[in-house]
Amino acid sequence: MNILVVGGAGYIGSHAVRVLIEAGHRVTVFDNLSRGHREAVPMGLLVEGELTDTQFVRETLERYEIEAVMHFAAFALVNESVNDPSLYYQNNVIATLSLLDAMRLAGVKKFVFSSTTATYGEPEIVPIRETTPQKPINPYGFTKLVIEQALADYSQAYGLGYAALRYFNAAGAHPDGSIGEDHDPESHLIPIVLQVALGQREQITVFGDDYQTPDGTCVRDYVHVNDLADAHLRALNRLEPGKGLCLNLGTGHGTSVREIINACRKVTGHPIPEEMGPRREGDPSELVADACLAKEVLGWEPKYTDVQSIVETAWRWHQSHPQGYATH
Ligand code: UDP
């Protein structure tokens, strides 16, 4: 298939590009490089542009005879979304609606969308099922939920076939170490802990140890980025006109902040000093997926089932790219 990967220069998108190419698809990447990295895109595949330029997106879809779109381009930091909601509604909602309009104009009817566990807010029952009420608690979660709703409506009215894949905590890097996570500033747990191991930070601050969890620190479901990419590939093959799939993508296993730090100590051999800090605002204590539906519908099962193997791939990337893409 000819596939447009929007946001293919970003963390998850760039891994999806690799998986799609390996599966024999013809990939074009559309990205404005505002947060993505040119170096993460294989030579010759990048089209630079803005999603809000509906006409240009339409032309791109037609020029490359695109049959399906995967949409990874979004801002995804909870704190930032609270401080600057306009940025999030513009980039995650307005730009996505423009992309969907361009697809309608070009007659492209297959769409895989990056959604998120943040659409669930603070669920009362864990593990989280797809039927768990979606009640976001921050603008980021709302922007993703707005698009899920738009997709359901567009699907009914215009025959769009779509999948909304609700990621839990994306982690790790391509096992060959050539692409990985590179955010500026970095706010995610595993990269920050590994920056301590690289000597770039003094210590890791644990955001609270008074949660109602076994060791008091927050529990998350860390899922390998290549497993996420694999789920996208499978979802693509299950799309049906006028129908939507909403699926959780997680391993079903929870890992605490403390367990992540210990896994990083084992993998790196570095003592990784830690200090205890206050809770980070808006952090639910436990977010773990019930991933049965993705298994049932897509036949998807994560290959990386323990966090140590996920951290090993991240460590390979960070060691070979201590400054991220900037060094290459
Ligand atoms: N975390 C932490 N210290 C940090 C960064 C993150 O203790 O410097 C915790 C955070 O409170 C959360 C978990 O690590 O419980 C994962 O956070 P991350 O930002 O990686 O992902 P999120 O769960 O916010 O999507």
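Residues numbered from 1 in each chain as written. Predicted model: local features only at pLDDT ≥ 70, side-chain atom pairs only at ≥ 80, totals over all residues. Heavy atoms only, no water.

1. With respect to a nonpolar patch on the surface
Line of reasoning, step 1. There is a patch of nonpolar side chains on the surface, built from Tyr89, Phe142 and Val146 and spanning about 240 Å² of accessible area.
Line of reasoning, step 2. With respect to the helices, strands and loops of the structure, valine 146 is situated in helix 5 (residues 139-158). (Patch = residues over 30% accessible without salt bridge, like charges linked within 9 Å, V, L, I, M, F, W, Y side chains within 5 Å. Areas by Shrake-Rupley, 256 points an atom, 1.4 Å probe, with all protein chains shown as cover. Salt bridge = Lys/Arg side-chain N within 4 Å of Asp/Glu carboxyl O. Helix = DSSP H or I, 4+ residues; strand = E, 2+ residues; numbered from the N terminus.)

2. Here we look at helix 7 (residues 225-236)
Line of reasoning, step 1. Relative to the 16 Å expected for 12 residues at 1.5 Å per residue, helix 7 spans 17 Å between its end C-alpha atoms, a close match to the ideal helical length.
Line of reasoning, step 2. With 11 of its 12 residues buried, helix 7 lies for the most part within the structure.
Line of reasoning, step 3. Inspection of helix 7 places Val225, Asn226, Asp227, Leu228, Ala229, Asp230, Ala231, His232, Leu233, Ala235 and Leu236 among the buried residues, and these make up the whole buried set. (Expected span 1.5 Å × (residues − 1). Buried < 20%, exposed > 50% of the residue type's maximum accessible area, 1.4 Å probe, protein only.)

3. Points about the sheet that holds strand 2 (residues 26-31)
Line of reasoning, step 1. The strand order across the open sheet formed by 7 strands is 3-2-1-4-5-6-11, and the pairing between neighbours is parallel. Only two strands of the sheet have a single neighbouring strand rather than two, namely strand 3 (46-48) and strand 11 (244-249). Direction aside, the axes of adjacent strands within the sheet are offset by 20° on average.
Line of reasoning, step 2. By the bridge criterion, 7 bridges tie strand 5 (residues 110-116) to strand 6 (residues 161-167) in an arrangement that is parallel. Of the residues in strand 6, the one forming a bridge with threonine 116 is tyrosine 167.
Line of reasoning, step 3. Of the strands in this sheet, strand 5, strand 6 and strand 11 touch helix 5, which is tilted by about 155° from strand 5. (Pairing = 2+ DSSP bridges. Axes fitted to C-alpha atoms, helices over the stretch in contact; angles between N-to-C directions. Contact = heavy atoms within 4.5 Å.)

4. As for the site of the ligand
Line of reasoning, step 1. Among the 15 residues in the neighbourhood of the ligand, the closest are listed as Leu189, Thr205, Arg220, Arg280 and Asp283.
Line of reasoning, step 2. Leucine 189 places a main-chain nitrogen or oxygen 2.8 Å from an oxygen atom of the ligand.
Line of reasoning, step 3. Alone, the ligand offers 520 Å² of accessible surface; in the complex the protein occludes 86% of this.
Line of reasoning, step 4. Put simply, the parts of the chain that give the shell around the ligand at least two residues each are helix 6 (189-197) and strand 8 (204-207).
Line of reasoning, step 5. Per-class residue counts for the shell around the ligand are 8 nonpolar, 4 polar and 3 charged. (Near = heavy atom within 4 Å. Polar contact = N/O pair within 3.5 Å; in protein donor to acceptor, adjacent residues only side chain to side chain. Nonpolar A, V, L, I, M, F, W, Y, C, P; charged D, E, K, R; others polar.)

5. Some details on the packing of aromatic side chains
Line of reasoning, step 1. Going through the model one piece at a time under the given rule, you end up with 6 aromatic pairs.
Line of reasoning, step 2. Here tyrosine 88 and tyrosine 140 contribute two aromatic rings whose centre-to-centre distance is 6.4 Å and whose plane-to-plane angle is 85°, an arrangement assigned as edge-to-face. Placement of the pair is tyrosine 88 in helix 4 (residues 85-106) and tyrosine 140 in helix 5, with a sequence separation of 52 residues. Taken as a pair, tyrosine 88 and tyrosine 140 share a single burial class, namely buried.
Line of reasoning, step 3. Considering the side-chain rings of tyrosine 154 and tyrosine 158, the 5.2 Å spacing of their centres and the 85° angle between planes classify their relative orientation as edge-to-face. Of this pair, tyrosine 154 and tyrosine 158 both sit in helix 5, 4 residues apart, which is roughly one turn of that helix.
Line of reasoning, step 4. Given a relative accessible area of 18%, tyrosine 154 falls into the buried group.
Line of reasoning, step 5. Judged by its relative accessible area of 34%, tyrosine 158 is partly exposed.
Line of reasoning, step 6. Each residue in the set Phe75, Tyr88 and Tyr140 is aromatic and connected to the rest through ring pairs, giving one cluster.
Line of reasoning, step 7. Between arginine 35 and the ring centre of phenylalanine 75, over which it is positioned, the NZ or CZ distance is 3.7 Å. (Phe/Tyr/Trp six-rings, centres within 6.5 Å; stacked < 30°, edge-to-face > 60°. Lys NZ or Arg CZ within 6 Å of the ring centre and 35° of its normal.)

6. Focus on the pattern of salt bridges
Line of reasoning, step 1. For the coordinates displayed, the defined rule picks out 15 salt bridges.
Line of reasoning, step 2. Of the charged contacts, one joins arginine 234 and aspartate 230 as a salt bridge, the two residues approaching to 3.1 Å between their closest N and O atoms. On the criterion of helical spacing, the pair formed by arginine 234 and aspartate 230 is a turn pair, its members being 4 residues apart in helix 7.
Line of reasoning, step 3. By relative accessible area, aspartate 230 is classed as buried at 12%.
Line of reasoning, step 4. Residue glutamate 240 is joined to lysine 243 by a salt bridge in which the shortest nitrogen-to-oxygen separation is 3.4 Å.
Line of reasoning, step 5. Take glutamate 240: its relative accessible area is 41%, and that puts it in the partly exposed class.

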